[in-house]
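Analysis of the macromolecular model
Next come the chains, spelled out residue by residue.
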Amino acid sequence: MLLYSLQETVAVGVDMSRADSVPPVLARLLGAVNAHDLDALVSCFAADYVNETPAHPHRGFRGNGQVRRNWAQLLTIADFRADVPRYSLDGDRLWTEWEMSGTRPDGAALLMRGVVMFVIGADTIRSARFYLEPVEDGSGDVDAHTRRVVGGPPDRTRTTQE
């Protein structure tokens, strides 16, 4: 089972001082992001790169030109930083957990977390399934979320300490 094999091979944290143990394309990508080097970043993606965003199907795209447009915007955030706290490589499948942060031009904090599952080639990323989202903490707990998903009314009787 793929998930089981991934659980057994998870590496915690991308330690750039030990880049020899990190998949080379991941080391290049993370280095380019944190150096704000747009050309080096885009070179990590195949020309015919395919991005799928299952939770937001209309956001999917093909081609590294859109990668450039997306990252050109993100890298306007002067203190933008990315970290990969966990990753796992299984053949050409690279599962990565990301945290991205910075201060937006309007002064608001940016914090995004999620998973990106890449298919990698010899030296580029060929495709990705993208599950990276802004962190939000104002929508309530898991019960409130589940009620919204099923279309139920708010629970006004629940106490905060059950």
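Cut-off values and rules
Residues numbered from 1 in each chain as written. Predicted model: local features only at pLDDT ≥ 70, side-chain atom pairs only at ≥ 80, totals over all residues. Heavy atoms only, no water. Helix = DSSP H or I, 4+ residues; strand = E, 2+ residues; numbered from the N terminus. Buried < 20%, exposed > 50% of the residue type's maximum accessible area, 1.4 Å probe, protein only. Contact = heavy atoms within 4.5 Å. Areas by Shrake-Rupley, 256 points an atom, 1.4 Å probe, with all protein chains shown as cover. Salt bridge = Lys/Arg side-chain N within 4 Å of Asp/Glu carboxyl O. Polar contact = N/O pair within 3.5 Å; in protein donor to acceptor, adjacent residues only side chain to side chain. Pairing = 2+ DSSP bridges.

Each helix and strand counted, the chain has 5 helices and 7 strands in total. Its helices and strands taken in sequence order, the chain reads α-β-α-α-β-β-α-β-β-β-β-α from the N to the C terminus. Burial analysis of the chain (162 residues in total) assigns 31% to the buried set. At a minimum sequence separation of 6, the contacts of the chain that also span at least 24 residues come to 47%. Of the accessible surface of the chain, which amounts to about 10000 Å², a share of 54% is contributed by carbon and sulfur atoms.

What follows covers the pattern of salt bridges. Side chains carrying opposite charge are able to pair once their charged atoms draw close together. With the rule as written, the count across this model stands at 7 salt bridges. The salt bridge partner of Arg126 is Asp92, with a shortest N-O separation of 3.3 Å. One end of the pair, Arg126, is in strand E7 (residues 125-134); the other, Asp92, is in the loop between strand E4 (81-90) and strand E5 (93-103), and 34 residues separate them in sequence. Exposure remark for Asp92: the relative accessible area of 28% places this residue in the partly exposed category. For Glu99, the salt bridge goes to Arg113, with nearest N and O atoms at 2.8 Å. With Glu99 in strand E5 and Arg113 in strand E6 (residues 109-120), the pair connects residues that are 14 residues apart, well separated along the chain. One continuous salt-bridge network, built from bridges that share partners, spans Asp92, Arg93 and Arg126.

Here we take up the environment of Glu99. The partly exposed category is assigned to Glu99, whose relative accessible area is 30%. In this structure the side chain of Glu99 is engaged in a polar contact, spanning 2.8 Å, whose partner is the side chain of Arg113.

This brings us to the pairing of E4. In the sheet, E4 pairs with E5 via 8 bridges, with the strands oriented antiparallel. Within the sheet, the bridge partner assigned to Ser88 lies in E5 and is Trp95. Where E4 hands over to E5, the hairpin turn is made up of 2 residues, of which Gly91 adopts a positive phi near 65°.

This brings us to the pairing of E5. Note on strand geometry: in a regular strand, side chains alternate between the two faces of the sheet. Burial along E5 is one-sided: Leu94, Thr96, Trp98, Met100 and Gly102 are buried, while Arg93, Trp95, Glu97, Glu99, Ser101 and Thr103, pointing the other way, are not. When E5 meets E6, the two strands line up antiparallel, connected through 11 bridges. Note that in E6 the partner of Met100 across the bridge is Met112. Hairpin connection between E5 and E6: a loop of 5 residues separates the two successive antiparallel strands, and Gly107 in this loop has a positive phi of roughly 90°.

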